[in-house]
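Residues per chain, in single letters:
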Amino acid sequence: MTERRTVLIAPAWPYANGPRHIGHVVGFAVPGDVLARFWRLRGARVLMASGTDEHGTPITYEADKNGIPPKDFADRNNALIVDDLVRLGMTYDIFTRTTTANHYRVTQDLFLKLFERGYLVKKKQMGAFDPATGRTLPDRYIEGKCPICGYPEARGDQCDNCGNQLDPADLINPHQRGSDAPVEFHETEHFFFDLPAFGDQLKAWIEQHGNWRPNVRKYSLEYVRNLKPRAITRDLDWGVPVPLPGWEDNPSKKIYVWFDAVIGYLSASIEWAINSGKPDAWKEWWDNPESHHYYTMGKDNITFHTVMWPAILMGAGDLHLPDEIVASEFLHMEGRKFSTSRGQVIYVKDVLDQYDPDALRYYLMIAGPENQDTDFTWSEFVRRNNDELVATWGNLVHRTLVNAHRNFGAVPQPGNLTGIDESLIKEVEAALDEVAKHLQEARFQNALKLAMGIASRVNVYLGTEQPWHTIKSDRERAGTVLYVALRCVDNLKTMLTPFLPFSSQRLHAMLGYEDVIAPQPDVREFSENGASHTVITGEYEAVDRWRPSQLEPGRTLPAPQALFKRLDDVSEEEPPPSS
Ligand SMILES: [Zn+2]
């Protein structure tokens, strides 16, 4: 690589309403970390910035149910989510929160910029309120009798019995979900973001990106065909204040959560720069046409990243637009949708209490919903772990290192390489470039399948050459074969590090290296205006290491350990016991 690239990794912001399940992290988290680790291994300047999304009615609703203030509820869930992400090895440069003073300021600045440029329009509409609190009631929190079929528990947005779309004002005897509390309707005034003003520009911009996944282009082009102004303020006491006279002191008008959440990518980057003591450093990513921005998410989040956020950036006028929209399809569980409310869920924490993070990361990336909805089953989790991580990659590493360590104690000095030795090395080195091309374009499964196929090839080579037999008659040839295999293993380690950082770091040490190839994140506290908040961050060296292995003969090799654990087979669809 000639020039140093500047790469922003922007994983979607998890909503602070509970711990993460594997259907969440397969979309925003692991793909984002794989890209961040890959680009750092190529020596790029990477900024991975995100945090928890903490405003909005679902937070106030759940906080009320728990009898605690919304901020306390968000604090509790932020801590759970931080723990999930750190244990998964997510190398955020900054993972912050939308309740920081910095985020409020950046959100208000962008609001004012759009207001001054005439992109915000005031409109009156009818709104549904809780008369006890004065808060807006979202459509789905209102229930009543369906005016069409008479079903008594129709929701404000739709009747589950007859399937008709409804308006909350149409319901007969509307009341709040789960109680008899009344609902009030009255006129209310709000600011709307003039999305249609950006319609042509958005359409042309989306059409330019022929490389986006088909789902991303399809949803986005459908959406821009029929843009309407979108409310960016709400009747709510929990959120970023509206920075205008007559509004900012009104305790029941706030900026709408969708607007402040997407601005988080920018505000987190600014916070990272401030925390690093280089307050303007965020501009290297945001005010730089040469930088490259990846956004990772589940498919339910696409239009926020291809329509709403780009329109805000276009309205602001001088900030870098998204380059890559890496959206996953949905992960199901035994054929059904993940659902926290129905207990149909597998939490990240519960998986990591029993299994290694690399086993989960591997499964999610090789068998996850990269291009189509997929199903998580425990039997497939066990099969992938045992057949692929243990029997293919782990076995290659193990027999190579055990034989080299036992017979030589070091990287053996090779004799003359045969044509077979040389062509294997060439094939593995060529794969290094191929895997890089796949990863640049976020084709994770192609990258992983290629690397695992190469691991199988090297296993076949060892099986044919049998250095464990040759050692008895021809020590030099056995040493040459093990040297070739060690170089291949070293190259495969580079290709697999973005996916399998924990085991790759252990392998790096077993190959006699003393430095860090796969850093892990830290949790720190940062203070601002006397209040402190938790941030995931880390020191992640970015050195161009995506190069063919130059393992020196003679380097001492420590005693190797197994990289992966075999799991017991399961016949029923439940988690296997861990050994
Ligand atoms: Zn109905």
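Residues numbered from 1 in each chain as written. Predicted model: local features only at pLDDT ≥ 70, side-chain atom pairs only at ≥ 80, totals over all residues. Heavy atoms only, no water.

Chemist: Teacher, can you tell me more about unusual backbone geometry here?
Modeler: Leaving glycine aside, a negative phi is the common case for residues, and trans is the common case for peptide bonds. Even without a glycine there, the phi angle at Asn173 is positive, about 50°. By the element assignment, Asn173 lies in strand E7 (residues 172-176). (Helix = DSSP H or I, 4+ residues; strand = E, 2+ residues; numbered from the N terminus.)

Chemist: Honestly, helix H2 (residues 29-41) in this entry has me stumped. Any pointers?
Modeler: One full turn of an α-helix is made of 3.6 residues, so residues set three or four places apart face in the same direction. Here H2 spans 18 Å end to end across 13 residues, near enough to the 18 Å set by a 1.5 Å rise per residue. Counting buried residues in H2 gives 13 out of 13 residues, a clear majority hidden from the surface. (Expected span 1.5 Å × (residues − 1). Buried < 20%, exposed > 50% of the residue type's maximum accessible area, 1.4 Å probe, protein only.)

Chemist: Just to check I follow, could you spell out the pattern of salt bridges for this structure?
Modeler: Going through the model one piece at a time under the given rule, you end up with 38 salt bridges. For the salt bridge of Arg105 with Asp109, the shortest nitrogen-to-oxygen distance reads 3.9 Å. In this pair, Arg105 and Asp109 are both assigned in helix H5 (residues 101-116), 4 residues apart and thus about one turn of the helix distant. Judged by its relative accessible area of 40%, Arg105 falls in the partly exposed class. We note a salt bridge from Asp356 to Lys565, for which the minimum N-O separation is 3.4 Å. One end of the pair, Asp356, is in the loop between helix H11 (348-354) and helix H12 (357-367); the other, Lys565, is in the segment after strand E18 (531-537), with 209 residues separating them in the sequence. Exposure remark for Lys565: the relative accessible area of 42% places this residue in the partly exposed category. One salt-bridge network, held together by shared partners, links Glu380, Arg383, Arg384, Asp387 and Glu388. (Salt bridge = Lys/Arg side-chain N within 4 Å of Asp/Glu carboxyl O.)

Chemist: Is there a simple way to explain the domain arrangement of the protein in this structure?
Modeler: Reports of interface size often rely on the accessible area that becomes lost once the parts have come together. Each assigned domain of the protein is listed here: domain 1 (6-119 + 257-354) and domain 2 (357-511). Each side of the interface is counted separately: domain 1 has 32 residues, and domain 2 has 27 residues. Here domain 1 meets domain 2 over a buried area of about 2,600 Å², counting both sides, of which 71% is carbon and sulfur. At the boundary of domain 1 and domain 2, one finds 2 salt bridges. Between Lys299 and Asp373 there is a salt bridge, with the nearest N and O atoms lying 3.0 Å from each other. Here domain 1 is connected to domain 2 by 10 residue pairs in polar contact (both at pLDDT 80 or more). Those elements that place two or more of their residues in the side of domain 1 that touches domain 2 are helix H1 (22-25), H2, strand E13 (324-328), strand E14 (331-333) and H11. Considering each element in turn, the side of domain 1 that touches domain 2 owes the most residues, 9 residues, to H2. Looking at the side of domain 1 that touches domain 2, its residues break down into 20 nonpolar, 4 polar and 8 charged. (Domains from an automatic or database assignment. Contact = heavy atoms within 4.5 Å. Buried area = accessible area lost by both parts, 1.4 Å probe. Polar contact = N/O pair within 3.5 Å; in protein donor to acceptor, adjacent residues only side chain to side chain. Nonpolar A, V, L, I, M, F, W, Y, C, P; charged D, E, K, R; others polar.)

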